[in-house]
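A closer look at the structure
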Amino acid sequence: RQDVDGALRAGGELVARGGNRSEPEFIEQGARALFSMGVLLGGVRKDPDGAIATYDVLAQRYGHRTEPGVVQQVVKGLFNQAALQAREQRDLHAALHTLDALVDRYADVDDPAVTERIVSAMVNKARIERMRGHRDRAHATFERVVQRFGLHDEPQIRKHVDSARKALGEGLAA
C-alpha cells in the first residue's frame, strides 16, 4: 500500500510540476503519469471512481494533443475508463459515451496501437449495445468494424474483426 501511495504521490507531483510546461518531454511525461495513476487506482487500489476521474483529467488536459506518445496515453486512458464504466454494468450509458468519444476523436490516427484500441472500442460498444437489447445498433457497429477494418492484416486487429464477423454470423445472439 505504501508503494502505491508513493507512486500516486510521485505521479501527482510530476503532473503538477510539468502542468504548465510546453516542452514535448514534459507533456508526454504528464500524460504517462496520469495514465499510470489511473491504472493504479483502478487496479491495485480498487478505486474505479478515482481511476475514472483521473482518466477524465488525462483526456481534458491532453486530449487535444497530437504527439504520438501523448495520443497513445489518452487513447489507453479512455479505453480503460470505458472498461471501468462498463464493468459489472456499472454505467453502460457512460461507457458508450466514452467509447464514442474515443472513436470519434482518434479513428483517423495512423498508428497501429491506436487503431487496435479503436477497433476494440467499436467491438466493445457493439457488445454493450447488444447487452442493452439494442440489436440494430450492435449489428450496425459490428458491420462498421468489418467494413472499415476487414482488410487489415495486423493480428490484433484481425482478432477483433473476426469477433465482429462471428457476432454477425450468429445473428447477434447474446
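Below, the structure is looked at part by part. (Residues numbered from 1 in each chain as written. Predicted model: local features only at pLDDT ≥ 70, side-chain atom pairs only at ≥ 80, totals over all residues. Heavy atoms only, no water.)

1. A look at the packing of helix α6 (residues 112–131) against helix α7 (residues 135–149)
The test is simple: Orientation is described by lines fitted to C-alpha atoms, with helices fitted over the stretch in contact, and by angles between N-to-C directions that extend from 0 to 180 degrees. Put simply, DSSP marks the helices as runs of H or I at least four residues long and the strands as runs of E at least two long, and each gets a number from the N terminus on. These descriptions rest on fixed angle ranges, namely under 35 degrees for roughly parallel, over 145 for roughly antiparallel, 65 to 115 for roughly perpendicular, and the rest for oblique. Each crossing is labelled by how the near helix is turned from the far one, with a counterclockwise turn of less than a right angle marking it left-handed and a clockwise turn marking it right-handed. Throughout, a contact is declared for two residues whenever any of their heavy atoms are within 4.5 Å. Residue type decides the class: Asp, Glu, Lys and Arg count as charged, Ala, Val, Leu, Ile, Met, Phe, Trp, Tyr, Cys and Pro as nonpolar, and the leftover types, Gly among them, as polar.
Between α6 and α7, the shortest axis-to-axis distance is 7 Å and the interhelical angle comes to 160 degrees. As far as their axial angle goes, α7 and α6 are roughly antiparallel. As α6 packs across α7, the resulting crossing turns out to be left-handed. Judged by residue contacts, Thr115, Ile118, Val119, Met122, Val123, Lys125, Ala126, Arg127, Glu129 and Arg130 of α6 engage Arg137, Ala138, Thr141, Phe142, Arg144, Val145 and Phe149 from α7. Taken together, the residues of the contact of α6 with α7 break down into nine nonpolar, two polar and six charged.

2. Some words on α6
One turn of the α-helix equals 3.6 residues, which is why residues spaced by three or four share an orientation. Test applied: Multiplying one less than the number of residues by 1.5 Å gives the expected span of a helix.
For α6, built from 20 residues, the straight-helix expectation of 28 Å at 1.5 Å per residue is met to within 8% by its first-to-last C-alpha distance of 28 Å. Two residues or fewer past α6, glycine 133 is found with a positive phi of approximately 90 degrees.

3. Details of the pattern of salt bridges
Filter applied, for reference: By definition here, a salt bridge exists when the distance from a side-chain nitrogen of Lys or Arg to a carboxyl oxygen of Asp or Glu is within 4 Å. Relative accessibility thresholds used throughout: buried, under 20% of the residue-type maximum; exposed, over 50%; partly exposed, between the two (1.4 Å probe, protein chains only).
A complete count under the given rule lists 10 salt bridges for this structure. The closest approach of N and O atoms between glutamate 28 and arginine 32, which form a salt bridge, is 2.7 Å. Of this pair, glutamate 28 and arginine 32 both sit in helix α2 (residues 24–44), separated by four residues, roughly a single helical turn. Taking relative accessible area as the criterion, arginine 32 reaches 39% and is therefore assigned partly exposed. Residue arginine 148 pairs with aspartate 108 through a salt bridge whose shortest N-O separation is 3.0 Å. Of this pair, arginine 148 sits in helix α7 while aspartate 108 sits in the loop between α5 (92–106) and α6; the two residues are 40 residues apart in sequence, bridging distant segments of the chain. For arginine 148, a relative accessible area of 41% corresponds to the partly exposed category. Since its relative accessible area comes to 71%, aspartate 108 is described here as exposed. When salt bridges with common partners are traced through the structure, they connect Glu129, Arg132 and Arg137 into a single cluster.

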